[in-house]
Structures are given as C-alpha cells and as structure tokens.
Amino acid sequence: MKDNTVKCPSCKEVFKVDDAVYNNIVNQVRDQQFDDELKTRIDAEKRDKESALKTAELVLKNKFQVELADKQHEIEVLKAISKADLLEEVTKKDKEISDLQSKLENAETVKKLALSEALKEVEKKNDQLENDLKSKDTEKELLEKSLKEKFNDKLKYKDETLKLKDDEIVRLKDHKQKLSTKMIGETLEQHCEIEFNKLRSTAFQNAYFEKDNDASGGTKGDYIFKETDTNGNEIASIMFEMKNEGDETATKKKNEDFFAKLDKDRRDKGCEYAVLVSLLEADDAFYNTGIVDVSYKYPKMYVIRPQFFIPIISLLRNAGMKSLEYKTELSIMKNQNVDVTNFEEKINDFKTGFARNYDLASRQFGDAIKEIDKTMTHLQKTKEALLSSVNNLRLANNKAEDLTIKKLTHGNPTMKEKFNSLENINK
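Summarised in this report is the structure supplied together with it. (Residues numbered from 1 in each chain as written. Predicted model: local features only at pLDDT ≥ 70, side-chain atom pairs only at ≥ 80, totals over all residues. Heavy atoms only, no water.)

With that out of the way, let us pick up the overall build of the chain. Along the chain, the regular secondary structure elements total nine helices and eight strands. Here the chain holds 427 residues, and 31% of them are scored as buried. In the chain, the proportion of contacts linking residues at least 24 apart, taken out of those at least 6 apart, comes to 65%. Total accessible area on the chain stands at roughly 27,100 Å², and carbon and sulfur atoms take up 52% of it. (Helix = DSSP H or I, 4+ residues; strand = E, 2+ residues; numbered from the N terminus. Buried < 20%, exposed > 50% of the residue type's maximum accessible area, 1.4 Å probe, protein only. Contact = heavy atoms within 4.5 Å. Areas by Shrake-Rupley, 256 points an atom, 1.4 Å probe, with all protein chains shown as cover.)

Laid out in structure tokens, this is it:
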C-alpha cells in the first residue's frame with residue numbers, strides 16, 4: 001500500500017493526503033528550485049559544447065600549423081640541397097599545403113555545422129522544457145488557487161458553525177437561568193404578580209395576595225399570600241421575598257443572605273410559611289433541583305425558582321386545607337370522644353404522600369437541569385473541536401506550501417526517469 005504521507009522538516013508532523021491530491025502534487029507541481037536546476041544544466045551543456053568545439057578547432061589548427069611548418073622546413077632544406085629539384089618539390093609542397101588548407105577550411109565548416117546542429121537541438125530541448133515549466137506553473141497556480149478556495153470555504157463554514165454553537169450556548173445558558181420563564185420587560189415581582197392574577201379568579205377566589213406595605217416592624221417583605229375558608233379559618237399564609245440579579249451585577253448576592261430578614265418578616269406579619277423566589281446563584285445545583293426546603297436553617301422556609309411560584313402556593317395551600325380538614329375532624333371527634341388513631345394515621349399518610357410528591361418534583365427538575373448541562377458540555381466540546389480543526393487546516397496549508405520538487409520526487413521512478421533523460425541529453 002502506498003504511503004501518501006509527507007513529514008514536515010520543521011515541526012516533524014506527518015501530513016497525510018489522499019491519492020488524488022498526492023498524485024497531482026507529485027506529477028504536476030514545479031517550483032523555482034527545479035526551474036533553476038534545469039536552466040543551470042542547459043547553460044552548462046552549452047558552455048561544454050562550445051568549449052569542446054573551440055578546443056578541437058585549436059588542436060586541429062595547431063596540428064596543421066605544425067605540419068605546415070614542417071613542410072616549409074623541408075622546402076628550405078630542399079632548396080639548400082638542390083636547385084634543380086626545387087621547383088618540382090616546391091610545386092609538390094604547394095599542392096600539399098593547398099590540400100592542408102582545404103582540409104582546414106572543411107574542418108572549420110564541419111565544426112560550424114556541428115555546433116549549429118548541437119545548438120539547435122539544445123534550443124529545441126530548452127524551448128520544450130520552458131513550455132513544460134510554463135504549463136506546470138499554470139497547473140500549480142490553479143492547484144494552489146483551488147486549495148486556497150477549499151481552505152477558505154472550510155474556514156467560512158467553521159466560522160458560521162462556531163457562531164451557531166456560541167448562539168446555542170448563550171441560549172441554553174439563558175434557558176437554564178430562567179427555565180422558560182418569560183420575564184421580558186418585567187421585574188421578578190411583576191412576573192409573580194402577573195402569574196398569580198392569571199389564576200386568581202378561578203383557583204384563588206378567597207385568597208389575598210398583595211404587596212407588604214407595613215414597615216412598622218422596621219422591615220417589610222415583598223408580597224403576602226393569605227387564604228381563608230368560608231368560616232374565616234386560615235388555610236395558608238406565606239411571606240414572599242423576590243430576588244433577581246443580572247449577570248452585569250458587580251457584587252453577587254447569595255440566597256442565604258436574605259434568610260434572616262425573610263424569617264423576621266414572616267414572624268412579624270404572622271405568616272406560617274416563608275418563600276424566597278430567587279434567580280440568584282443561577283448555576284448552583286442545589287437551588288436548581290426544584291423546591292428547596294431550608295427549614296434546617298429557618299422554620300417553614302423554602303427557596304424556589306420563578307417557575308415554581310404557583311406550584312409552591314398550591315402545595316402549601318393544599319397542605320393547609322388538608323390540615324384544616326383534619327383539625328376540624330379532630331375537633332369533632334374529640335367532642336364526641338372518638339378515638340383519634342385514624343386521624344393520626346391520615347396525618348402520617350398525608351405527610352408521606354406530600355414528601356413523596358415533593359421528592360418526585362425535585363428529581364424531575366434535577367433531571368431537566370442535568371440534561372441542559374449535558375447539552376451545554378457537548379456544544380462546548382464541539383466548539384473546541386472546530387477551533388482545533390482550524391489549526392490543523394492551517395498546518396496542512398503550510399505543509400502544502402513547503403513541498404518542493406526534490407522532496408516529492410525522492411524515490412519516485414517517474415521523476416528519476418525524467419532526470420536520467422536530462423542527463424543523457426547533456427552527454
């Protein structure tokens with residue numbers, strides 16, 4: 001199996017490409033180093049051929065000149081030996097000299113023709129190589145443009161995806177904080193009052209729910225809920241305190257900071273229960289579990305999120321009605337000297353049922369919070385993965401730009417054949 005990987009010489013990281021991209025890079029890409037090497041070889045070939053021809057010409061000229069000098073010397077010797085044979089010998093030597101000069105001229109012509117043919121062949125090869133280089137440069141530019149466009153498309157997709165994930169995280173954080181409570185343009189107090197008034201005429205006809213305006217005890221709560229039966233017997237009474245705190249608040253308050261005041265207001269106004277409706281400590285898992293009983297700190301005190309405003313009233317009101325019913329029954333039974341055993345059992349059954357329903361509601365709310373936390377964690381991991389993919393794309397792009405012809409042709413038989421052909425031409 002062919003290993004289509006390239007190792008970066010700088011960071012030593014292995015970059016893997018598919019067969020199509022790898023073959024395109026190997027067979028098509030040419031860089032400046034390859035171009036310079038080819039031109040250097042062609043120039044060297046020209047210089048070598050010109051030098052060889054000049055050397056051959058010089059050697060031939062020297063040879064003929066030596067022979068000519070020898071013949072002239074022989075002529076001089078013959079002149080000294082015999083005047084009679086001088087003319088004949090001179091004529092003979094002149095003919096030889098003429099032949100030598102003719103050979104020298106022919107050699108010069110042959111040399112020029114050979115040089116011309118050699119130069120034509122070199123120029124033809126050079127033109128072909130230049131055309132190939134231009135073609136490869138064009139293909140390289142197209143490939144680089146295509147890679148850049150693909151890279152830019154991936155970056156654009158990444159940015160859009162990250163934006164969507166960030167928006168979703170913000171939405172889920174807001175959803176987790178408010179848990180579907182629509183309070184746009186409302187304060188927390190207004191929200192609770194509006195929610196109560198929606199049901200006042202149907203579910204709370206005999207109930208009182210108004211702002212606490214009595215500060216005679218030094219402090220006052222936000223709202224007081226009271227309900228009585230037709231005989232004027234109190235069913236339930238609740239002192240409410242509403243606390244909302246935005247993310248921009250510099251000093252963050254805790255729910256526990258308001259327990260003491262709320263308990264004092266409850267006792268001063270004669271209420272049986274105290275309820276803190278709070279958006280404080282929005283990420284605290286303890287307060288996000290549902291209706292939180294804090295009676296271990298202050299008696300009959302609960303902390304809730306806004307969506308549990310109506311449910312807590314209903315639970316405490318129903319408990320009060322049951323308690324009133326049992327109290328009435330107990331009074332009758334005592335007046336009639338009836339055994340109160342059944343009454344105590346009913347009281348215990350009611351307490352057990354109430355606790356079970358409260359526990360179920362709390363667990364369901366806790367499960368919903370956990371699901372939101374899981375979704376937010378998943379989105380955060382997706383965001384981190386996308387950011388990591390950007391870095392990997394950047395490294396891949398850098399590795400593609402760092403590729404050279406020598407690196408890509410190492411161990412490649414096709415490119416070895418190209419270089420062998422070039423060396424044969426030089427020979």
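Counting 26 residues, the largest nonpolar core has Phe-225, Phe-240, Val-275, Val-277, Phe-309, Ile-312 and Ile-313 as its most contacted members. Those elements that provide at least two residues to this core are helix H4 (188–203), strand S3 (207–211), strand S4 (223–228), strand S5 (234–243), strand S6 (273–278), strand S8 (301–304) and helix H6 (309–335). Here Phe-240 is in contact with Phe-209, Gly-221, Asp-222, Tyr-223, Phe-225, Leu-262, Val-275, Val-277, Phe-309, Ile-312 and Ile-313, once residues within four sequence places are set aside. Listed in part, the 12 residues of the second largest apolar core include Met-239, Val-294, Met-301 and Val-303. (Core = buried A, V, L, I, M, F, W, Y, C linked by side-chain atoms within 4.5 Å.)

By secondary structure assignment, the location of Arg-266 is in helix H5 (residues 259–268). We classify Arg-266 as buried; its relative accessible area is 11%. Residue contacts for Arg-266: discarding those within four places in its chain leaves Met-239, Cys-271, Glu-272, Tyr-273, Ala-274 and Pro-299.

Right, let's talk about the sheet that holds S8 for a bit. Sheets are built from strands that pair by backbone hydrogen bonding, the pairs being arranged parallel or antiparallel. Reading across the sheet, the six strands line up as S3-S4-S5-S6-S8-S7 and stay open at both edges, with mixed pairing between neighbours. Only two strands of the sheet have a single partner each, and these edge strands are S3 and strand S7 (292–293). By the bridge criterion, six bridges tie S5 to S6 in an arrangement that is parallel. Note on S6: the bridge partner recorded for Glu-241 is Leu-276. Each of S3, S4, S5 and S6 is contacted by H4, which is oriented at about 160 degrees to S3, the strand it contacts most. Docked against the sheet, H5 engages S5, S6 and S8, running at close to 150 degrees with respect to S5. (Pairing = 2+ DSSP bridges. Axes fitted to C-alpha atoms, helices over the stretch in contact; angles between N-to-C directions.)

Right, let's get into the environment of Ile-235. Within the fold, Ile-235 resides in strand S5. Ile-235 sits in the buried class, given a relative accessible area of 8%. Placed 87 residues apart in sequence, Ile-235 and Lys-322 show a C-alpha to C-alpha distance of 8.7 Å. With residues up to four places along the chain from it excluded, the contact list for Ile-235 reads Glu-227, Thr-228, Asp-229, Arg-317, Gly-320, Met-321 and Leu-324.

With that settled, the discussion passes to the packing of aromatic side chains. What the rule picks out here adds up to 11 aromatic pairs. With centroids separated by 5.9 Å and ring planes inclined at 75 degrees, the aromatic side chains of Phe-196 and Phe-225 adopt a geometry described as edge-to-face. You can see Phe-196 sitting in helix H4 and its partner Phe-225 sitting in strand S4, a full 29 residues away along the chain. Among the aromatic residues, ring-to-ring pairing joins Phe-196, Phe-204, Phe-209, Tyr-223, Phe-225, Phe-240 and Phe-309 into one connected group. (Phe/Tyr/Trp six-rings, centres within 6.5 Å; stacked < 30°, edge-to-face > 60°.)

Inspection of every chain in the model, using the stated rule, returns 14 salt bridges. A salt bridge links Lys-261 to Glu-241, with the nearest nitrogen and oxygen atoms 3.7 Å apart. One end of the pair, Lys-261, is in helix H5; the other, Glu-241, is in strand S5, with 20 residues separating them in the sequence. Lys-261 sits in the partly exposed class, given a relative accessible area of 32%. Sharing partners across several salt bridges, the network here consists of Glu-241, Lys-243, Lys-261 and Asp-265. (Salt bridge = Lys/Arg side-chain N within 4 Å of Asp/Glu carboxyl O.)

Now for unusual backbone geometry. A positive phi angle, near 50 degrees, is found at Glu-281, a position not held by glycine. Even without being glycine, Lys-300 reaches a positive phi, approximately 55 degrees. With respect to the helices and strands, the residue Lys-300 is situated in the loop between S7 and S8.

Of all the residues in H5, the buried ones are Phe-259, Leu-262, Asp-263, Asp-265 and Arg-266. Around the axis of H5, the buried residues are gathered within 160 degrees of arc, so they sit on the same side. The secondary structure elements touched by the buried residues of H5 are S5, S6 and S8. Immediately downstream of H5, the backbone of Gly-270 shows phi near 70 degrees, a positive value. (Arc of directions from axis to C-beta.)

Don't take any of this as a statement about function, it's just geometry.
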